[in-house]
Amino acid sequence: MTPDSLRAALRGVPDPDWLDTAVRRVATEPTEIIRLFPAAGRRCGRAALPDAPGWTADDAARVLLLTALPGDHASYADTLYRHGDAAERRAVLRALPLLPIGAAGVPLLHDAIRTNDTRLVAAALGPYARHLDAAAWRQAVLKCVFSGVPLSSVADLDARADGELAAMLAALAAERHAAGRELPADATELLDRLTAALPREA
């Protein structure tokens, strides 16, 4: 999603004038985002957005506020994440790929992946997860399998999945099988695809 597509999807929010004013205010008075960011849920609602599948109004509004900042994006993202509730943290994670911060937001991904909040884990595995190194990314994918986060939430899954991830999934599948349990269907399908793609031994 882009800021323009999110803005279009937000047509019809309960208080569009508040959002427009808030975005302009943040662009000229950046510190105002500390006050306005938490208020977005109350002023814009938390309903799902029909034109932005998987997004809620408060998610989108908060992302627009972050992208409106004239600078210090990484610093504000860190502050808003550290002091926010779960919904505010998820919005920060979803904003990261739209902010000019390079890899500065990676510590927030690590924090989110360590939580047991599946919404945060899923948000952390979005497009910005390209900044995770291969080992951390594989562990994050396994966290999704363990915690029941659909692998459809993982950006670039097929492009980044490799033989090492296949080995990790195979070991987990063996453990589950021994305990009379199975991998989730999407993890089994991924393992099958990866196994089929591996070179066969002579």
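Summarised in this report is the structure supplied together with it. (Residues numbered from 1 in each chain as written. Predicted model: local features only at pLDDT ≥ 70, side-chain atom pairs only at ≥ 80, totals over all residues. Heavy atoms only, no water.)

**With respect to helix α12 (residues 185-197)**
(1) Moving on: Relative to the 18 Å expected for 13 residues at 1.5 Å per residue, α12 spans 18 Å between its end C-alpha atoms, a close match to the ideal helical length.
(2) Moving on: For α12, the full list of buried residues reads Ala187, Leu190, Leu191 and Leu194. Each buried residue of α12 lies within a common arc of 100° when the element is viewed along its axis, so the set occupies one face. Among the exposed residues of α12, those oriented more than 90 degrees off its buried face are Ala185 and Ala196.
(3) Moving on: If you follow the buried residues of α12, they end up packed against α9 (134-147), α10 (157-160) and α11 (163-178). (Helix = DSSP H or I, 4+ residues; strand = E, 2+ residues; numbered from the N terminus. Expected span 1.5 Å × (residues − 1). Buried < 20%, exposed > 50% of the residue type's maximum accessible area, 1.4 Å probe, protein only. Arc of directions from axis to C-beta. Contact = heavy atoms within 4.5 Å.)

**Notes on the side chain of Thr115**
(1) Moving on: Tracing the backbone through its elements, the reader meets Thr115 in the loop between α7 (106-114) and α8 (118-124).
(2) Moving on: What makes Thr115 buried here is its relative accessible area of 18%.
(3) Moving on: Within the structure, Thr115 has its side chain in polar contact with the backbone oxygen of Ala112 (distance 2.7 Å). (Polar contact = N/O pair within 3.5 Å; in protein donor to acceptor, adjacent residues only side chain to side chain.)

**A short note on the packing of helix α4 (residues 57-68) against helix α6 (residues 86-95)**
(1) Moving on: Packing of α4 against α6 leaves a shortest axis separation of 9 Å and a crossing angle of 55°. Between α4 and α6, the angle is such that the two are oblique. Once α4 is placed against α6, the crossing between them reads as right-handed. Of α6, the residues touching α4 (which contributes Asp58, Asp59, Arg62, Val63 and Leu66) are Ala87, Glu88, Arg90, Ala91, Val92, Arg94 and Ala95.
(2) Moving on: Among the residues making up the contact of α4 with α6, the classes are represented as six nonpolar, no polar and six charged. (Axes fitted to C-alpha atoms, helices over the stretch in contact; angles between N-to-C directions. Parallel < 35°, antiparallel > 145°, perpendicular 65-115°, else oblique. Left-handed = near helix turned anticlockwise from the far one by under 90°. Nonpolar A, V, L, I, M, F, W, Y, C, P; charged D, E, K, R; others polar.)

**Comments concerning unusual backbone geometry**
(1) Moving on: Even without a glycine there, the phi angle at Asp72 is positive, about 55°.
(2) Moving on: Here Asp72 shows up in the loop between α4 and α5 (73-83).
(3) Moving on: Residue Asp72 is classed as exposed on the basis of its relative accessible area of 57%.
(4) Moving on: If you check the backbone angles, Asp156 has positive phi at about 60° while not being a glycine.

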